[in-house]
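Architecture and fold: a report
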Amino acid sequence: MRLPRYLLSRLGFKLFAVILVVNVATSALLFVGVSRSLDQGFIDYLETTQANRARQLAEALGEEWRRRGDWQWLRETHRAWYRLVRQQLLAGREDPRGLEPPLGNARDFVLNDAQGLPVIGLERRHDEEEAPELVWLPIESDGEKVGSLGYRRPESLMARMDRVFLERQQRNLSIIVASLVVASLLLAGGLSWWLGRRTGGMALATRRLTEGDYSMRLTERGHDELSRLAHDFNVLAATLEANRQARSRWVADIAHELRTPLAVLHGEIEAMQDGIRPLNETSLHSLSQEVAQLERLVADLRLLAQSDAGALEASLAPLDLSEALATRLEEARGWLEDRGLTLETHIQGPAPIRGDMQRLRQLWNNLLDNSCAYTEAPGHLRVTLSHDAERVRVTWEDSAPGVPAAALSRLTERLYRVEGSRNRASGGSGLGLAIAKALVTTHGGRMHASPSPLGGLCWTLEFPRLLEDTR
């Protein structure tokens, strides 16, 4: 079952709000900071420029005083004042469109003589309600003060082109900030919709999974973390679904396995009660065999249940695996020969591991029982033990018949038989290899099956080797 592509998500809304708030706040701080920096920086620039030009004009007026000896020539005609300002301050700075630079207008300067009487007065502008504050510079000639030059402060000049320029820059900055806000809105909306669609599907699938619906699957797109999370979720859902199906089969198989010996017991007891079979030693022996079979089955089931719960009892201690294996094989050599199997061993020792001698003997017994049950006589069993610096490897190979390649991975499943029958005479209960794998896992090892060069089955068991200094 696939999920819908579009799902609303609280996480998406939260992401949208966070991205939008952060970007709007950043844009607002950017606007305030740049605006104040631009305003103050521009005023500082005006002050510096105006002061430099006023000093330049004061020096020029001092030279004119030394040459003329008084200010009468400026009192008689203001044209000379405008011409002087233009010559001294605006030479080479005219705007190509014919406009005067904002800090070079003669009306922005005032000239007083040495007694403080006005020579050139300040012209009030139509947008000024009161006389502006002036900054005064002394005019000197040969070290003697001959007058004072006053000029408007930059703040008063801002009413003209300078203020227009600053307002334009602030307006452009406002447009940029507004564009950033709109882009943030689109970015936050897109990201929240994309993330909300993906995480919303995961939330719904997780809720369905907790309710026991293991058929949910997420769509895997791309190679990012969310894609890997979706893949892991799908693997988890598939595993849970497989486990549920295996559990159902497990219960059905256990019921079947228990029903067979119970049916035999029930039939034999009824036959004795009806007088069909006599109550003698032979009948009791048959009943005892069925009870023993039930006991073995129950014991195997209990062992596997302990293994699943991680509570399989095993007293791990340093031991030599090569010695434990060789001893058990030598004990079984005569028994194998009676069943038509020739034993060949290649055991390289010593092979120190941490293990439980009793559990290892149970492991060898299960493998021996499996080889005897499925290897045709005359047959061959070859057991090899080798080791390296990190692992101890046991190879268990028998002769024909073999196992289909498709069935190799299922041999350690509980109650699984390759021939597909329920005849315990040929295949036992189907728990021996599952128990063997559980025992190997308890020792920290691995166990897997492959075709044998002898024509049958090859089991490879790997155990972690115990370092010499840890024994």
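Criteria and thresholds
- Residues numbered from 1 in each chain as written.
- Predicted model: local features only at pLDDT ≥ 70, side-chain atom pairs only at ≥ 80, totals over all residues.
- Heavy atoms only, no water.
- Helix = DSSP H or I, 4+ residues; strand = E, 2+ residues; numbered from the N terminus.
- Buried < 20%, exposed > 50% of the residue type's maximum accessible area, 1.4 Å probe, protein only.
- Contact = heavy atoms within 4.5 Å.
- Areas by Shrake-Rupley, 256 points an atom, 1.4 Å probe, with all protein chains shown as cover.
- Axes fitted to C-alpha atoms, helices over the stretch in contact; angles between N-to-C directions.
- Parallel < 35°, antiparallel > 145°, perpendicular 65-115°, else oblique.
- Left-handed = near helix turned anticlockwise from the far one by under 90°.
- Nonpolar A, V, L, I, M, F, W, Y, C, P; charged D, E, K, R; others polar.
- Pairing = 2+ DSSP bridges.
- pLDDT = per-residue confidence, 0-100.
- Core = buried A, V, L, I, M, F, W, Y, C linked by side-chain atoms within 4.5 Å.
- Salt bridge = Lys/Arg side-chain N within 4 Å of Asp/Glu carboxyl O.

**A closer look at the overall build of the chain**
Of regular secondary structure, the chain possesses eleven helices and eleven strands. Taking all 471 residues of the chain together, 38% fall into the buried category. Nonlocal contacts in the chain, meaning residues at least 24 apart in sequence, comprise 70% of its contacts between residues at least 6 apart. Here the chain displays about 26,800 Å² of accessible surface, and carbon together with sulfur accounts for 55% of that area.

**Things to note about the packing of helix α9 (residues 357-374) against helix α11 (residues 432-442)**
At a minimum axis distance of 9 Å, the contact between α9 and α11 shows a crossing angle of 150 degrees. When the interaxial angle is binned, α9 and α11 end up roughly antiparallel. Seen from above, α9 lies across α11 with left-handed handedness. Across from Arg359, Gln362, Leu363, Asn366, Leu367 and Asn370 in α9, the residues of α11 making contact are Gly432, Leu433, Ile435, Ala436, Leu439 and Val440. Here the residues of the contact of α9 with α11 sort into seven nonpolar, four polar and one charged.

**Brief notes about the sheet that holds strand β1 (residues 109-113)**
The four strands lie next to each other as β2-β1-β4-β3, forming an open sheet whose pairing is antiparallel. Each having just a single partner strand, β2 (118-120) and β3 (134-141) make up the two edges of the open sheet. The mean inter-strand angle of the sheet, taken between neighbouring strand axes irrespective of direction, is 30 degrees. Relative to strand β4 (residues 144-152), β3 is paired through eight bridges, and the arrangement is antiparallel. When the sheet's bridge partners are listed, valine 135 is paired in β4 with tyrosine 151.

**With respect to α11**
For α11, every residue scored as buried is listed here: Leu433, Ala434, Ile435, Ala436, Ala438, Leu439 and Val440. Residue glycine 444 follows α11 closely and has a positive phi angle near 80 degrees.

**Section: the confidence of the model for the chain**
Chain-level pLDDT for the chain is 78 on average; 81% of the residues reach the 70-or-more range. Taken as a whole, residues 94-103 scores under 50 in pLDDT and shows 17 contacts with residues more than four places along the chain or in a different chain. Under a pLDDT of 50 for its full length, residues 420-427 has, in the predicted model, 19 contacts with residues more than four places off or in other chains.

**Quick word on the sheet that holds strand β10 (residues 446-451)**
Strand order in the open sheet formed by five strands is β6-β8-β9-β11-β10, and the pairing between neighbours is mixed. Bordering the open sheet on either side are β6 (341-347) and β10, each of which pairs with just one other strand. The sheet shows a mean angle of 15 degrees between the axes of neighbouring strands, direction not considered. As paired elements, strand β9 (residues 391-399) and strand β11 (residues 455-464) share eight bridges and run antiparallel to each other. Looking at β11, one finds that glutamate 397 is bridged to cysteine 458. Contacting β6, β8 (379-387), β9 and β11, helix α8 (residues 321-338) runs over the sheet at an angle of about 165 degrees to β6. Helix-sheet contacts for α11 involve β10 and β11, and the interaxial angle to β10 is about 135 degrees.

**Quick look at the nonpolar core**
Judged by nonpolar contacts, the single largest core of 47 residues is most densely connected at Leu321, Leu363, Trp364, Trp396, Trp459, Leu461 and Phe463. At seven residues, the largest contribution of residues to this core is made by α11. With residues up to four places along the chain from it excluded, the contact list for leucine 321 reads Ala351, Ile353, Leu360, Trp364, Leu385, Val392, Val394 and Phe463. Residues Ala51, Leu57, Leu74 and Val85 belong to the second largest nonpolar core, which totals 22 residues.

**Observations concerning the pattern of salt bridges**
Per the stated rule, a full pass over the model turns up twelve salt bridges. In this structure, arginine 75 engages aspartate 113 in a salt bridge whose closest nitrogen and oxygen atoms are separated by 3.0 Å. With a gap of 38 residues between them, arginine 75 in helix α2 (residues 72-76) and aspartate 113 in strand β1 connect regions that are remote in the sequence. Residue classification places arginine 75 among the partly exposed residues on the basis of a relative accessible area of 35%. The residue glutamate 462 makes a salt bridge to arginine 446 at a minimum N-O spacing of 2.6 Å. Placement of glutamate 462 in strand β11 and of arginine 446 in strand β10 is noted, with a sequence separation of 16 residues between them. Counted as one network, the salt bridges with shared partners bring together Glu63, Arg66 and Asp142.

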